[in-house]
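Chain by chain, the residues:
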Amino acid sequence: MVAPPDNAPPDNDVLWARSLQYSHDRSPALVGVSVGVRQGEILALTGPRGSGKTTLLRCLSGQLRPEGEVWFNSVPVHTMGATARERLRRDRFGWIGPEPQLLPELKVWENAALPLLLAGAPHRAARNAACEWLDRLDIGGFARKRPASLTRAECQRVALARALVNEPAVIFADEPTAPLHRAERALLLRALTTAARSHEVTVLLATDDEATVAVADRRLALLDGRLAGAAAASSPAHDTPEGQAACSLSA
């Protein structure tokens, strides 16, 4: 049962949106999309290029302000001002896209620690947290290097460390494995899903790759900005050994 427009979403949904509408240059990108995501769920958003996957992620994460409602933990994101939404993204959300978007002038650990440094965390605590994640992702040896000395796959792992470093409630992953070869794609997905399964981090994963969809609990398909359907993914991994692997989000 859909909640009335002025009421909070169901308690078991960490992220909830109703009747989202958004247009790019008068061209509809989302048309009446509603979605609810539970705590700890990995939800795959699928659809062809231009179907609205990235727009939906950006609306749910507060980067765009659509018509309709977006709620995070029963807090109405759609009524927040720009500063509050920016703070929410910095403190409670993580983001990883197809491009690492690392700052070339910063060292690798500084790029990974950026959300903590921007939030005013002590320098040493931010560095330690970032280096812990870099170690878990097998790139701790690059902590003091600049991004230019890393491969594309290594830079993408730094971007994943940055998405995880602030102990997020939700990670928005927009085609994060698209530029990677199969082995590196599997490594990145394993790191992301292990963190999510171990600590009930909610993940919204936009992809058109079926191997990537297979790690999700559920998929939602988009077509021309509309919700095309919903189905359980092939093999949710809550009880797999990988899902039980030790993976701490605490610095």
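Worth saying up front: this structure is predicted, and the values here are computed from it rather than measured.

**Student:** Is there a simple way to think about unusual backbone geometry in this case?
**Tutor:** Among all residues except glycine, the phi angle is most often negative; among peptide bonds, the trans geometry is most common. Although it is not a glycine, Gln-101 sits at a positive phi angle of roughly 50°. Topologically, Gln-101 is positioned in the loop between β6 (93–96) and α3 (108–118). Since its relative accessible area comes to 63%, Gln-101 is described here as exposed. One non-glycine residue, Glu-167, adopts positive backbone phi at about 50°.

**Student:** Please clarify how the environment of Arg-38 should be interpreted in this entry.
**Tutor:** Relative to the helices and strands, Arg-38 resides in strand β2 (residues 27–38). Given a relative accessible area of 40%, Arg-38 falls into the partly exposed group. Considered as a pair, Arg-38 and Asn-12 are 26 residues apart in the sequence and their alpha carbons are 5.8 Å apart. Discounting residues that sit within four places of it in the chain, Arg-38 has contacts with Asn-12, Asp-13, Val-14, Thr-202 and Arg-218.

**Student:** What is the right way to read the confidence of the model for the protein from this model?
**Tutor:** Interpretation of the predicted coordinates at a detailed level should be avoided for regions scoring low in pLDDT. Overall, the prediction assigns the protein a mean pLDDT of 86, with 86% of residues at 70 or greater. Between the elements of the protein, mean pLDDT differs from a low of 69, seen in strand β10 (residues 226–232), to a high of 96, seen in strand β7 (residues 170–174). Every residue in residues 234–251 scores below 50 in pLDDT, and together they form 39 contacts with partners more than four places removed in sequence or on other chains.

**Student:** Where do I start with the sheet that holds strand β1 (residues 13–24) in this structure?
**Tutor:** Hydrogen bonds between backbone atoms are what pair the strands of a sheet, whose relative direction is either parallel or antiparallel. Ordered in space as β2-β1-β4-β5, the four strands form an open sheet in which the pairing is antiparallel. A single partner strand is all that each edge strand has here, and the edge strands are β2 and β5 (75–76). In this sheet, strand β4 (residues 67–72) lies alongside β1 in antiparallel orientation, the contact comprising five bridges. Residue pairing across strands places Gln-21 opposite Glu-67, the latter belonging to β4. Sitting on the sheet, helix α1 (residues 53–60) touches β1, β2 and β4, and the angle it makes with β1 is about 125°.

**Student:** Just to check I follow, could you spell out the pattern of salt bridges for this structure?
**Tutor:** Pairing is possible between side chains of opposite charge, provided their charged atoms come close. Enumeration over the complete set of coordinates arrives at nine salt bridges. Between Arg-38 and Glu-41 there is a salt bridge, and its shortest N-O distance comes to 3.4 Å. According to the relative accessible area criterion, Glu-41 is buried, its value standing at 2%. Between Arg-197 and Asp-217 there is a salt bridge, with the nearest N and O atoms lying 3.0 Å from each other. With Arg-197 in helix α6 (residues 182–199) and Asp-217 in the loop between α7 (210–213) and β9 (218–223), the pair connects residues that are 20 residues apart, well separated along the chain. Exposure remark for Asp-217: the relative accessible area of 11% places this residue in the buried category.

**Student:** Explain the side chain of Glu-154 to me, please; I cannot follow it from the model alone.
**Tutor:** Its location among the elements puts Glu-154 in helix α5 (residues 152–164). Buried charged residue Glu-154 carries no salt bridge. Nearest counter-charge: Arg-157, at 4.9 Å. When sequence neighbours within four positions are dropped, the list of residues in contact with Glu-154 reads Ile-139 and Phe-142.

**Student:** Would you explain the packing of aromatic side chains in this entry?
**Tutor:** Within a pair of aromatic rings, the relevant descriptors are the distance that separates the centres and the angle that separates the planes. Across all of its chains, the model carries three aromatic pairs by this definition. Ring geometry for Phe-72 against Phe-93: centres 5.1 Å apart, planes inclined by 85°, an arrangement best described as edge-to-face. On the criterion of sequence distance, the pair formed by Phe-72 in strand β4 and Phe-93 in strand β6 is long-range, its members being 21 residues apart. Accessibility assignment for this pair places Phe-72 and Phe-93 in one class, buried. Consider the rings of Phe-93 and Phe-172, whose centres lie 5.1 Å apart with planes at 75°: the pair is edge-to-face. Of this pair, Phe-93 sits in strand β6 while Phe-172 sits in strand β7, and the two are 79 residues apart along the sequence. The cationic tip of Arg-136 hangs over the ring face of Trp-133; the distance from NZ or CZ to the ring centre is 4.5 Å.

Rules behind the numbers
Residues numbered from 1 in each chain as written. Predicted model: local features only at pLDDT ≥ 70, side-chain atom pairs only at ≥ 80, totals over all residues. Heavy atoms only, no water. Helix = DSSP H or I, 4+ residues; strand = E, 2+ residues; numbered from the N terminus. Buried < 20%, exposed > 50% of the residue type's maximum accessible area, 1.4 Å probe, protein only. Contact = heavy atoms within 4.5 Å. pLDDT = per-residue confidence, 0-100. Pairing = 2+ DSSP bridges. Axes fitted to C-alpha atoms, helices over the stretch in contact; angles between N-to-C directions. Salt bridge = Lys/Arg side-chain N within 4 Å of Asp/Glu carboxyl O. Lys, Arg positive; Asp, Glu negative; His and termini not counted. Phe/Tyr/Trp six-rings, centres within 6.5 Å; stacked < 30°, edge-to-face > 60°. Lys NZ or Arg CZ within 6 Å of the ring centre and 35° of its normal.

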